[in-house]
Amino acid sequence: RSAVVADLKGNIRRLNPETRKTVWNTKAGAPVFATPCIVPYESVESSSRDVGNTSNAQVIVACVNGQVLSLDLASGVKIWTFEIESRKPVFSPPVYVDAHNVVVFGCHDGVLRALHPRR
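Q: Just to check I follow, could you spell out the environment of P36 for this structure?
A: Within the fold, P36 resides in the loop between β3 (21-27) and β4 (37-40). Classification of P36 as buried rests on a relative accessible area of 14%. P36 sits 57 residues away from P93 along the chain, and the two C-alpha atoms are 6.5 Å apart. Aside from chain neighbours lying at most four places away, what touches P36 is V4, V5, A6, V59, I60 and V61.

Set out below in structure tokens:
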């Protein structure tokens, strides 16, 4: 089990809810207003999407600098960065839509975007 939180200083932390200790802390490089979203990696071998095992999941984080980040849930290492063309801030939390395997989020430029989470 995991909990991931972010703050206005750009810290993204994975916490162990049982021990209440920080497992990792990664800097986003910009303030984060939105709640991070834990998303399963899509399995190549099967359609199984298990986020109970931290090696099978990533964290999607929306930043006010117009970037959306993907971090490995187990390590906190950055996997990819998506940059909004308009560079407008993203204040809305990313939402995972399992039925379509997409992460949806709104941006301050008025556009709703959907990304396929990938490794």
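Q: Just to check I follow, could you spell out the side chain of N101 for this structure?
A: Tracing the chain through its elements places N101 in the loop between β8 (95-97) and β9 (102-106). When its relative accessible area of 5% is taken as the criterion, N101 is described as buried. A polar contact of 2.9 Å, which involves the side chain of N101, links it to the side chain of Y96.

Q: What is the right way to look at unusual backbone geometry in this model?
A: Across residues other than glycine, the phi torsion is negative in most instances, and most of the peptide bonds are trans. Despite not being glycine, R20 shows a phi value in the positive range, around 65°. Mapping R20 onto the fold places it in the loop between β2 (11-16) and β3. With a phi close to 60°, R87 is a non-glycine residue in the positive phi region. Considering the arrangement of structural elements, one finds R87 in the loop between β7 (78-83) and β8. A relative accessible area of 41% places R87 in the partly exposed class.

So, how was this worked out
- Residues numbered from 1 in each chain as written.
- Predicted model: local features only at pLDDT ≥ 70, side-chain atom pairs only at ≥ 80, totals over all residues.
- Heavy atoms only, no water.
- Helix = DSSP H or I, 4+ residues; strand = E, 2+ residues; numbered from the N terminus.
- Buried < 20%, exposed > 50% of the residue type's maximum accessible area, 1.4 Å probe, protein only.
- Contact = heavy atoms within 4.5 Å.
- Polar contact = N/O pair within 3.5 Å; in protein donor to acceptor, adjacent residues only side chain to side chain.

On their own, these measurements won't tell you what the molecule is for.
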